[in-house]
Amino acid sequence: MSDDVFAFGLGVGTHNNGGEWLEVYFPTPVLNPSRALADAVRECDNNAALSGSDLEALETALTAAGESAQADLAARFRSTKQPVVAVLLTADEQPNNVPEAYLKLQLLSHRLVKPHGTNLEGLFGALPNVAWTNEGAVDIEELPERQLAARLRGEVLDVSCVDKFPKMTNYVVPTGLRIAHTARVRLGAYLGEGTTVMHEGFVNFNAGTEGPGMIEGRISAGVMIGAGSDLGGGASTMGTLSGGGKLVNGMGEGCLVGANGGTGIPLGDRCTIEAGLYLTAGTKVAMLDADGAAVETVRASDLAAKSDLLFRRNSTTGAVECLTNRSAVELNEELHAHN
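Since we're looking at a predicted model, the values are computed, not measured.

Q: Any chance you could explain the pairing of strand E4 (residues 84–89) here in plain terms?
A: Strand residues, when the strand is regular, have side chains that alternate between the two faces of the sheet. Across the 6 residues of E4, 6 count as buried, placing the element largely inside the fold. Here E4 shows no split at all, with Val84, Ala86 and Leu88 on one side and Val85, Val87 and Leu89 on the other all buried. Two strands pair when backbone bridges link them, and strand E1 (residues 7–15) and E4 are joined in this way by 6 bridges, in the antiparallel orientation. Paired with Phe8 across the two strands is Leu88, which belongs to E4.

Q: Mind showing me how you'd approach the packing of helix H2 (residues 52–64) against helix H3 (residues 68–77) here?
A: Two numbers describe how H2 lies on H3: the axes approach to 8 Å, and their chain directions differ by 165°. In terms of orientation, H2 lies roughly antiparallel with respect to H3. Along this stretch, H2 crosses H3, giving a crossing that reads as left-handed. Contacts between H2 and H3 involve Leu55, Glu59, Leu62 and Thr63 from the first element and Gln70, Ala71, Ala74, Ala75 and Phe77 from the second. Tallied by class, the residues present in the contact of H2 with H3 amount to 6 nonpolar, 2 polar and 1 charged.

Q: Could you clarify how one ought to interpret H3 in this entry?
A: Three or four residues apart is the spacing at which side chains of an α-helix point the same way, because the helix has 3.6 residues per turn. Buried residues of H3: Gln70, Ala71, Leu73, Ala74 and Phe77, and no others. In a view along the axis of H3, the buried residues occupy a sector of 160°, so they form one face of it. Residues of H3 that are exposed and point over 90 degrees away from its buried face: Ala69 and Arg76. Those residues of H3 that are buried are in contact with E1, strand E3 (30–31), helix H1 (35–40), H2 and E4.

Q: Even after reading the chapter, I still don't get the environment of Val113, so can you show me in this structure?
A: Structurally, Val113 can be placed in the loop between helix H4 (98–109) and helix H5 (123–126). We classify Val113 as buried; its relative accessible area is 8%. In this structure the C-alpha to C-alpha distance between Val113 and Leu31, which are 82 residues apart in sequence, comes to 8.2 Å. Setting aside residues no more than four positions away along its own chain, Val113 makes contact with Phe6, Leu31, Leu107, Leu108, Thr118 and Tyr190.

Q: What's the story with the sheet that holds strand E7 (residues 159–163) in this structure? I'm lost.
A: Whether parallel or antiparallel, the strands of a sheet pair through hydrogen bonds between backbone atoms. Strand order in this open sheet of 3 strands is E6-E5-E7, and the pairing throughout is antiparallel. Looking at strand neighbours, the two that pair on one side only are strand E6 (136–139) and E7, the edges of this open sheet. In this sheet, neighbouring strand axes are inclined to one another by 30° on average, regardless of whether the strands run parallel or antiparallel. As judged from the 4 bridges shared by strand E5 (residues 130–133) and E7, these two strands associate in the antiparallel manner. Looking across to E7, one finds that Trp132 is bridged to Cys161. Those strands touched by helix H6 (residues 143–152) are E5, E6 and E7, and its axis lies near 125° from that of E6.

Calculation criteria
- Residues numbered from 1 in each chain as written.
- Predicted model: local features only at pLDDT ≥ 70, side-chain atom pairs only at ≥ 80, totals over all residues.
- Heavy atoms only, no water.
- Buried < 20%, exposed > 50% of the residue type's maximum accessible area, 1.4 Å probe, protein only.
- Helix = DSSP H or I, 4+ residues; strand = E, 2+ residues; numbered from the N terminus.
- Pairing = 2+ DSSP bridges.
- Axes fitted to C-alpha atoms, helices over the stretch in contact; angles between N-to-C directions.
- Parallel < 35°, antiparallel > 145°, perpendicular 65-115°, else oblique.
- Left-handed = near helix turned anticlockwise from the far one by under 90°.
- Contact = heavy atoms within 4.5 Å.
- Nonpolar A, V, L, I, M, F, W, Y, C, P; charged D, E, K, R; others polar.
- Arc of directions from axis to C-beta.

Now the structure itself:
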């Protein structure tokens, strides 16, 4: 085993009737754990549920290694009837199973790694599609029987969604946030201190904000929004999850994308896109000089990651124009002071 170990998590989760993992909750995942911790858990299988004797031995080994917090967690897990797993990732490789995938998603939401900061290749293949209910995760094939059983008790099994990804707040609620509609932030989102996600805001996995920031639109997978930036109502950022270009999208600091606008190119710092304007990589953009005269026409992708730009649509001709934007967006300090 290398001296450098990527991550560790001791978690409790849910099996289907066949003993297969549906999800795992890791209360205190560890990035770059000590060699002593890694040695204490080196015999654990990253996909196998631990027995009571396994947990007792693990508690002893963790205590001897000086890892009191993880040892206390192992002791608490000894009393549960739910399956428990210890996952040790010796390297940052693609997840091979549900526990490994859930550990990586929770590293992101615990702010231990940032989007693109861990290998998520093969993630969709590792995660099962699950019915998320008021009784927890339920295997899709077992759902009809669970619904019937609930009805026979005079109850209703409430299915909030059917998806591979649960909502983040059922696993971790990072400090300093406002989230108006928690179902719209998926596990694996990274939300920095001071972020506000309003009711129509959405944040996908492996995406997020540096914070502070106001999110009233959509942050697609792979997109990171810089500090002090504002994504307006109905606005969106184009990801590459479903195909398309391979340019990593994002926004720098102090940017504003107006309501119903959007971007398919990364923005530098202090950039503004007017309301209703959606830039794609191939959008033709007229570059304006200080007098407002067009000097050349370029593709929007030629302006990727450049700072201090204002994108607007000419209300007479309909042409997309770009000029220097020297005024950084200043978010409402009163609004963000109470996160």
